[in-house]
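Observations on the model geometry
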Amino acid sequence: MTFPDISVTAQTPAETTADVLVLAVARVGDQPTLIRPAALDEAAADTLEAMFDGLGFGGKKDEVQRVPGVTGVSASVIALVGLGSGAVTPDVLRYAAGAATRKVRGAGSLAFAFPVASAADVTAVLEGAAMGAYDYLTYRATSLDARPLPAASIQLLLDQASPDASSPDTASVERAVTVARETARAVSLVRDLVNESPLDLYPQSLVERAEAAAEGLPVTLTVWDEQRLAADGFGGILGVGQGSTRPPRLVKVAYEPRGASRHLALVGKGITFDSGGLSLKPPASMIGMKNDMTGSATVLAVVLAAAALELPVRVTAWLCIAENMPSGSAIRPGDVLTMHGGRTVEVLNTDAEGRLVLADGLVAASDEQPDAIIDVATLTGAAVTALGNRYVGTMGDDDLVSLVVDAASSVGETLWPMPLPAELRPLLNSDIADLQNIKPGNTAGGMLIAATFLQEFIGQKADGSGPIAWAHLDIAGAAVNGADGYGYTLKGPTGVTVRTLLEVAERLGHESA
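Everything in this summary refers to the structure shown in the same document. Counting restarts for each chain: residues are numbered from 1 in the order of the written sequence. In view of the model being predicted, local features appear only for residues whose pLDDT reaches at least 70, and side-chain atom pairs are presented and counted only at 80 or more, with totals across whole chains, interfaces and linings using the full set of residues. Just so you know, side-chain values use all the structure's heavy atoms and leave hydrogens and water out.

Turning our eyes to something else, we now look at the overall build of the protein. Secondary structure follows DSSP: runs of H or I at least 4 residues long count as helices, runs of E at least 2 residues long count as strands, and numbering of each begins at the N terminus. Each helix and strand counted, the protein has 14 helices and 20 strands in total. For this measure, only C-alpha atoms enter the radius of gyration; the expected value for a globule follows 2.2 Å times N^0.38, where N is the number of residues. Taken against the 2.2 N^0.38 rule, which gives 24 Å for 513 residues, the C-alpha radius of gyration of the protein at 24 Å falls within 12% of a compact globule. Seen through its principal axes, the protein has C-alpha atoms that stretch 80 × 50 × 45 Å. Contacts: residue pairs with any heavy atoms within 4.5 Å of one another. Contacts spanning at least 24 positions in sequence make up 76% of the contacts within the protein whose residues lie at least 6 apart. Computed with a 1.4 Å probe, the accessible areas rest on the Shrake-Rupley method; for each residue, only the protein chains presented here act as cover. Looking at the protein as shown, the accessible area adds up to about 19,400 Å², and 51% of this sits on carbon and sulfur atoms. Within the protein, one finds 36 positive and 59 negative side-chain charges whose respective centroids are separated by 4 Å. Within this scheme the basic residues Lys and Arg register as positive and the acidic residues Asp and Glu register as negative, but His and the chain ends are omitted. Charge coordinates come from a single atom per side chain, which is NZ of Lys, CZ of Arg, CG of Asp or CD of Glu.

What follows is the structure in structure tokens.
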């Protein structure tokens, strides 16, 4: 994991020892305007603004321009970062800081003289900068020396905060830095796991990565190998994984702080490689199918970050891990699997395997009767067709969906509520089993049908008043960015929904406090 050291400092632009000083430029009307830090020499600010026309720099969103240092600034290089038009919010600061570290490579240290007036601003700047400074180098050999690396050290010059009552106090700043560090570290963990080659990342090795990541944190890991999966009736995970020479696993990661009265369960799809099984994908569609374990990586990262941040809420992650491969031992279209809890499923397409492993995990999560269950999965191509590559389809109980979508908005992630029409359920009726995993020939509403299938495996509340609150996040489009980077999002794995789920956990914890 390439992860920078992030911190705050009372140094000024004239005092910082960083290689690059990062300054923010907003668009006021149609003109770029430098947001002048209080401690920045006025002559230096005037000199920089005088460069804008000649550089063609407009202060637009995602615009980053390096210029030589000027008198009054100790750094030899200055990076100008556009904020775009409108109010300077934490989202704007996060995005701009990420754009800076994503584009300014080859410098060892960066100092941000950004306008921060609250702890939320501090978190946003450092979080965005740390996420933008990501790189994955594990498999680089001869190409490594020629690759400009992201900054190893990132500082926020805190004397830029407005000296008024709204400025963050020391304790708030310290907590803000911790939140930024652990949140960005969680996103980096997801990116690392998703980037890893499926030759090296398979069910058992993913278990080992989880154990290593959890070391030193107040969490408990429980692992089901293939024998224990069979003994406990996890037919979905076993069925999907039985075509591979590398057997499946189920991992429970539990964070249980003393005094917590609320319990959030997270269930993640963990298909370490998805060939489609006997319903084999075409070759082009198989490229990138190492990403199909992003859901498990996400819920793992969230529970570990919740533990590191000592959130006052119980969080349990269920990692449903298998490799979906074709072989003589693979499940066939027409096979019937008995899921955890006893419900039977006729498998009519072995490439609709994610819902099978999630079904087992949802039943296991329901057995503990948590306050809410949220599952995360790169589940359907239909999600990409419906919502593109940046929005996450969010389905389930109205109240929980509203909470999750609102939490996403507050941290700058884009989730979108989708319906679960009752008329879709009959499409999953089987002639021989309790239900079937697809409706053959149906091309409409694939994302919604998959969620309707999952809904069948949500258990009842402890008081018997109805199903446990549940939300399903289909991250198929947003989990991996296949285009050019933007803001703090690089090309490749995004770590989407990590920050949303941490915000949900924190809100639940505050409800119980």
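Having seen the model, we can carry on.
The next thing to look at is the environment of Ala 79. Structurally, Ala 79 is set in strand β5 (residues 77-84). The class of Ala 79 is buried, set by a relative accessible area of 0%. Sequence separation of Ala 79 and Asn 481 is 402 residues, and the distance between their C-alpha atoms is 25 Å. Excluding its chain neighbours within four sequence positions, the residues that come into contact with Ala 79 are Val 20, Leu 21, Val 22, Leu 23, Gln 65, Arg 66 and Val 104. Residue exposure (1.4 Å probe, protein chains only): buried if accessible area is under 20% of the type maximum, exposed if over 50%, otherwise partly exposed.

To continue, consider the layout of surface pockets. Gaps left between atoms are located by rolling a probe of water-molecule size over the structure's atoms. Whether a set of points on the 1 Å grid over the protein atoms alone is a cavity depends on a 1.4 Å probe fitting there but being unable to get out, while an open set qualifies as a pocket with protein on both sides within 12 Å along at least five of seven lines; lining residues are those with an atom within 4 Å of a point. Grid points are joined across faces, edges and corners, and a volume is the space filled by probe spheres set on the points. Within this model, the largest pocket holds a volume of roughly 790 Å³. Looking at the largest pocket, it is lined by 31 residues, and the ones nearest its centre are Lys 281, Leu 379, Thr 380, Gly 381 and Ala 382. Considering each element in turn, the lining of the largest pocket owes the most residues, three residues, to helix α11 (residues 381-387). Each residue gets one of three labels, nonpolar for Ala, Val, Leu, Ile, Met, Phe, Trp, Tyr, Cys and Pro, charged for Asp, Glu, Lys and Arg, and polar for the others, Gly among them. Counted by class, the lining of the largest pocket contains 10 nonpolar, 13 polar and eight charged residues.

Only buried Ala, Val, Leu, Ile, Met, Phe, Trp, Tyr and Cys residues count toward a nonpolar core, and they belong to the same one when joined by side-chain atoms within 4.5 Å. Core analysis: the biggest nonpolar cluster contains 94 residues, and Val 22, Phe 112, Phe 114, Val 253, Ile 374 and Leu 473 have the highest contact counts within it. The element that contributes the greatest number of residues to this core is helix α4 (residues 170-195), accounting for 11 residues. By size, the runner-up hydrophobic cluster in this structure holds 45 residues, among which are Ile 331, Ala 359, Leu 424 and Leu 435.

Any two strands with at least two DSSP bridges between them are considered paired. Pairing is mixed across the open sheet formed by three strands, whose spatial order is β12-β13-β17. Each edge of the sheet is formed by a strand with only one pairing partner; in this case those strands are β12 (336-338) and β17 (435-436). The sheet contact formed by β12 and strand β13 (residues 344-346) spans three bridges and is antiparallel. Bridged to Thr 338 within β13 is Thr 344.

At their nearest, the axes of helix α10 (residues 354-367) and helix α13 (residues 446-455) sit 9 Å apart, and the two run at 30° to each other. On the basis of their axis angle, the class for α10 and α13 is roughly parallel. Regarding α10 and α13, the two cross each other, and that crossing is right-handed. Touching Arg 355, Leu 356, Leu 358, Ala 359 and Leu 362 of α10 are Ala 450, Phe 453 and Leu 454, all from α13. Looking at the contact of α10 with α13 residue by residue, the classes come out as seven nonpolar, no polar and one charged. Whenever a helix is involved, its axis is fitted only over the stretch in contact; in every case the axis is a line through C-alpha atoms, and angles between N-to-C directions fall within 0 to 180 degrees. Should an angle fall under 35 degrees it is taken as roughly parallel, and over 145 as roughly antiparallel, whereas 65 to 115 is taken as roughly perpendicular and any remaining angle as oblique. When the near helix sits turned anticlockwise from the far one by under a right angle, the crossing is termed left-handed; a clockwise turn instead gives a right-handed crossing.

When a carboxyl oxygen of Asp or Glu is within 4 Å of a side-chain nitrogen of Lys or Arg, the pair counts as a salt bridge. If you walk through the whole model with that rule in mind, you get 29 salt bridges. For Glu 353, the salt bridge goes to Lys 269, with nearest N and O atoms at 3.4 Å. Pair noted here: Glu 353 is in the loop between β13 and α10 and Lys 269 is in strand β10 (residues 263-274), with a separation of 84 residues, a long-range link. Salt bridges sharing common partners tie together Asp 91, Arg 94, Glu 127, Glu 413 and Arg 499.

Turning our attention to the packing of helix α2 (residues 90-103) against helix α3 (residues 119-132). Running from N to C, α2 and α3 cross one another at 30°; their axes reach a closest spacing of 7 Å. By the angle between their axes, α2 is roughly parallel relative to α3. As for how α2 packs across α3, the hand of that crossing is right-handed. Only Ala 120, Asp 121, Ala 124, Val 125, Glu 127, Gly 128, Ala 129, Met 131 and Gly 132 of α3 make contact with α2, whose side of the interface consists of Pro 90, Leu 93, Arg 94, Ala 97, Gly 98, Thr 101 and Arg 102.

This paragraph deals with the sheet that holds strand β11 (residues 314-324). The strand order across the open sheet built from eight strands is β8-β9-β11-β10-β14-β18-β15-β16, with neighbouring strands paired in mixed fashion. Where the open sheet ends on each side, the last strands, each with one partner, are β8 (220-224) and β16 (415-417). Neighbouring strand axes in the sheet, compared pairwise and without regard to direction, differ in orientation by 20° on average. Strand direction decides the pairing type here: strand β9 (residues 249-255) and β11, joined by seven bridges, are antiparallel. Of the residues in β11, the one forming a bridge with Tyr 255 is Val 315. The strands touched by helix α9 (residues 294-308) are β9, β10, β11 and β14 (372-377); relative to β11, the strand with the most contacts, the crossing angle is about 155°. Along the sheet face, α13 touches β14, β15 (392-396) and β18 (469-474) and points at about 145° away from the line of β18.

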